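Next come the chains, spelled out residue by residue.
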Amino acid sequence: MENGEEGGTGVVRSVGMENGGEDVYSDKESDVSSADHLVVMVHGIVGRASDWKFGAELLVKMLPDKVFVHCSEKNMASLTLDGVDVMGERLVEEVLEVIKRKPSLRKISFVAHSVGGLVARYAIGRLYRPWGSRTEEVLVDEDKEKLKGTVADLEPVNFITVATPHLGSRGNKQVPFLFGVPAFEKVAGLVIHLIFRRTGRHLFLNDFDGGKPPLLRRMVEDDIEYPFMSALRSFKRRVVYSNVGYDHIVGWRTSSIRRNSELPKWEDCVDEKYPHVVYEELCKACGAEQSGSLKEDYCLDKLEEELVNGLSRLSWDKVDVSFHKSKFKYAAHSLIQVKDEHMTSEGADVIQHMIDHFFF
């Protein structure tokens with residue numbers, strides 16, 4: 001049953017769902033019938049579905065006959081403190097409910113902000129189904145991979161994260177507002193659960209449930225229970241959008257899946273159409289031997305190095321963003337998502353870049 005208001009621009013319709021979340025799609029019946037690509041947009045910590053309002057509506061306006069967007073809200077507000085795994089399970093339920101409502105869907109993509117990117121990574125591990133058995137050679141060499149699986153029985157296409165702490169938040173300068181002071185960072189790791197509860201433990205890699213490694217460590221391989229990496233590998237394209245500075249919540253290194261020595265020198269702008277995009281690169285997949293042989297960065301601990309190595313076994317498009325000239329630059333963590341519509345001029349080009357490079 002639908003509730004809430006149906007927002008009308010004459011092009012896009014937004015419908016709040018009784019069981020959480022918001023569906024965004026074209027106002028034209030012919031477009032709705034032909035749109036077979038589900039785009040699941042996931043908000044960050046203490047967020048809600050409306051955080052993606054600008055991005056969802058622009059996506060539908062530009063691709064009305066191709067996409068059906070669902071802005072997730074089963075983990076809104078304080079529910080985002082329950083842990084990445086618990087939130088991931090809720091997202092799984094939500095995605096399956098959307099597909100049940102629209103059985104004509106054939107493809108699926110995820111666009112997630114902040115911790116929502118980790119939640120989405122967990123969820124796809126639960127929703128993934130392989131076509132058949134895989135050899136170790138196929139798992140290591142992405143270019144030779146012939147067999148793809150499905151996510152929620154749909155074809156996986158784009159997996160996009162925006163300012164997501166893929167390497168966690170405990171490393172040096174991974175949470176910039178702690179100023180890179182080791183003493184502050186150490187104390188934060190000890191007390192983070194008092195503020196962000198179980199999610200805080202996951203982000204600071206100090207959860208050891210039942211003697212298991214931290215959840216983020218388990219998510220860079222095919223866990224005994226869930227094939228997290230096979231699920232991520234099944235997407236045609238994986239993208240990370242990262243703030244190079246002024247994001248006081250998520251550091252550049254963790255959001256871009258890089259070692260400190262790999263952070264690039266960036267220019268003011270690489271394309272006038274996208275004034276806030278300052279660097280782009282395609283990072284090819286590294287085999288297990290290659291990633292394991294890379295020299296460890298002086299500021300990475302062993303666990304963080306394992307996360308970098310694990311995720312680097314897949315190819316990633318990396319897009320670096322800077323709001324250093326903006327009067328709202330200290331809100332970079334929200335600007336990159338266009339969370340506040342009053343600031344659309346500051347981050348709209350980043351969303352436009354995302355849509356212009358979207359795969360189908």
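This section reports on the structure supplied with the text. If you're wondering where the values come from, they're calculated on a predicted model, not measured in any experiment. (Residues numbered from 1 in each chain as written. Predicted model: local features only at pLDDT ≥ 70, side-chain atom pairs only at ≥ 80, totals over all residues. Heavy atoms only, no water.)

When you go through the protein residue by residue, the secondary structure sums to 13 helices and 12 strands. For the protein, with 360 residues in total, the buried portion stands at 57%. At a minimum sequence separation of 6, the contacts of the protein that also span at least 24 residues come to 73%. (Helix = DSSP H or I, 4+ residues; strand = E, 2+ residues; numbered from the N terminus. Buried < 20%, exposed > 50% of the residue type's maximum accessible area, 1.4 Å probe, protein only. Contact = heavy atoms within 4.5 Å.)

The subject of this paragraph is the environment of Thr164. For Thr164, the location among the structural elements is in the loop between strand 9 (155-162) and helix 6 (182-203). Excluding residues that lie within four positions of it along the chain, Thr164 makes contacts with Ala112, His113, Ser114, Gly117, Leu118, Val250, Thr254 and Ser255. A distance of 2.7 Å separates a polar atom in the side chain of Thr164 from the backbone oxygen of Ser114. (Polar contact = N/O pair within 3.5 Å; in protein donor to acceptor, adjacent residues only side chain to side chain.)

It is worth spelling out the pairing of strand 3 (residues 22-26) at this point. Counting buried residues in strand 3 gives four out of five residues, a clear majority hidden from the surface. In terms of strand pairing, strand 2 (residues 12-17) meets strand 3 through five bridges, oriented antiparallel. Bridging from a neighbouring strand, Val15 pairs with Asp23 of strand 3. Inspection of the sheet shows strand 3 paired to strand 5 (residues 67-71) by three bridges, in the antiparallel sense. Bridge pairing in strand 5 places Asp23 opposite His70. (Pairing = 2+ DSSP bridges.)

It is worth spelling out the packing of aromatic side chains at this point. On inspection of all chains with the given rule, the structure shows nine aromatic pairs. Here the aromatic rings of Tyr25 and Phe68 are separated by 5.4 Å at their centres, their planes lie at 10°, and the arrangement is stacked. Placement of the pair is Tyr25 in strand 3 and Phe68 in strand 5, with a sequence separation of 43 residues. Exposure remark for Tyr25: the relative accessible area of 13% places this residue in the buried category. Under the relative-accessibility criterion, Phe68 is labelled buried at 7%. On the numbers, 6.3 Å between centres and 75° between planes, the contact of Phe110 with Phe235 is edge-to-face. Of this pair, Phe110 sits in strand 6 (residues 107-113) while Phe235 sits in the loop between helix 8 (228-233) and strand 10 (237-243); the two residues are 125 residues apart in sequence, bridging distant segments of the chain. (Phe/Tyr/Trp six-rings, centres within 6.5 Å; stacked < 30°, edge-to-face > 60°.)

This brings us to helix 11 (residues 302-311). Across the 10 residues of helix 11, eight count as buried, placing the element largely inside the fold. Of the positions making up helix 11, those classed as buried are Leu303, Glu304, Glu305, Leu307, Val308, Asn309, Gly310 and Leu311.

Our focus in this paragraph is the state of the cysteines. A full pass over the atoms with the stated rule returns zero disulfides. Of the cysteine sulfurs around Cys286, a residue in no disulfide, the closest is that of Cys283, at 8.2 Å. (Disulfide = S-S within 2.5 Å.)

In this fold, Ser312 is placed in the loop between helix 11 and strand 12 (316-321). Every residue in contact with Ser312, bar those within four places of it in the chain, is listed here: Lys284, Ala285 and Cys286.

Geometrically, a packed helix pair is captured by the angle between its two axes and the distance between the axes. Relative to each other, helix 3 (residues 84-101) and helix 4 (residues 116-127) sit at 60°, their axes nearing to 8 Å. Considered as vectors, helix 3 and helix 4 are oriented oblique to each other. For the crossing formed where helix 3 meets helix 4, the hand is right-handed. For the pair formed by helix 3 and helix 4, the contact residues are Val84, Asp85, Met87, Gly88, Glu89, Leu91, Val92, Val95 and Leu96 on the first element and Leu118, Val119, Ala120, Tyr122, Ala123, Arg126 and Leu127 on the second. Across the contact of helix 3 with helix 4, the residue classes break down as 12 nonpolar, one polar and three charged. (Axes fitted to C-alpha atoms, helices over the stretch in contact; angles between N-to-C directions. Parallel < 35°, antiparallel > 145°, perpendicular 65-115°, else oblique. Left-handed = near helix turned anticlockwise from the far one by under 90°. Nonpolar A, V, L, I, M, F, W, Y, C, P; charged D, E, K, R; others polar.)

Take the pattern of salt bridges next. In this structure the tally under the stated criterion is 22 salt bridges. Between Glu281 and Arg258 there is a salt bridge whose closest N-O contact spans 2.8 Å. Of the two residues, Glu281 sits in strand 11 (residues 277-283) while Arg258 sits in the loop between helix 9 (252-256) and strand 11, which places them 23 residues apart along the sequence. Counted as one network, the salt bridges with shared partners bring together Arg217, Glu221 and Glu306. (Salt bridge = Lys/Arg side-chain N within 4 Å of Asp/Glu carboxyl O.)

With that settled, the discussion passes to the environment of Asn309. You can see Asn309 is positioned in helix 11. Distance in space between the C-alpha atoms of Asn309 and Ile257 is 9.3 Å, their sequence separation being 52 residues. Within polar-contact distance, the side chain of Asn309 engages the side chain of Arg259 at 2.6 Å.

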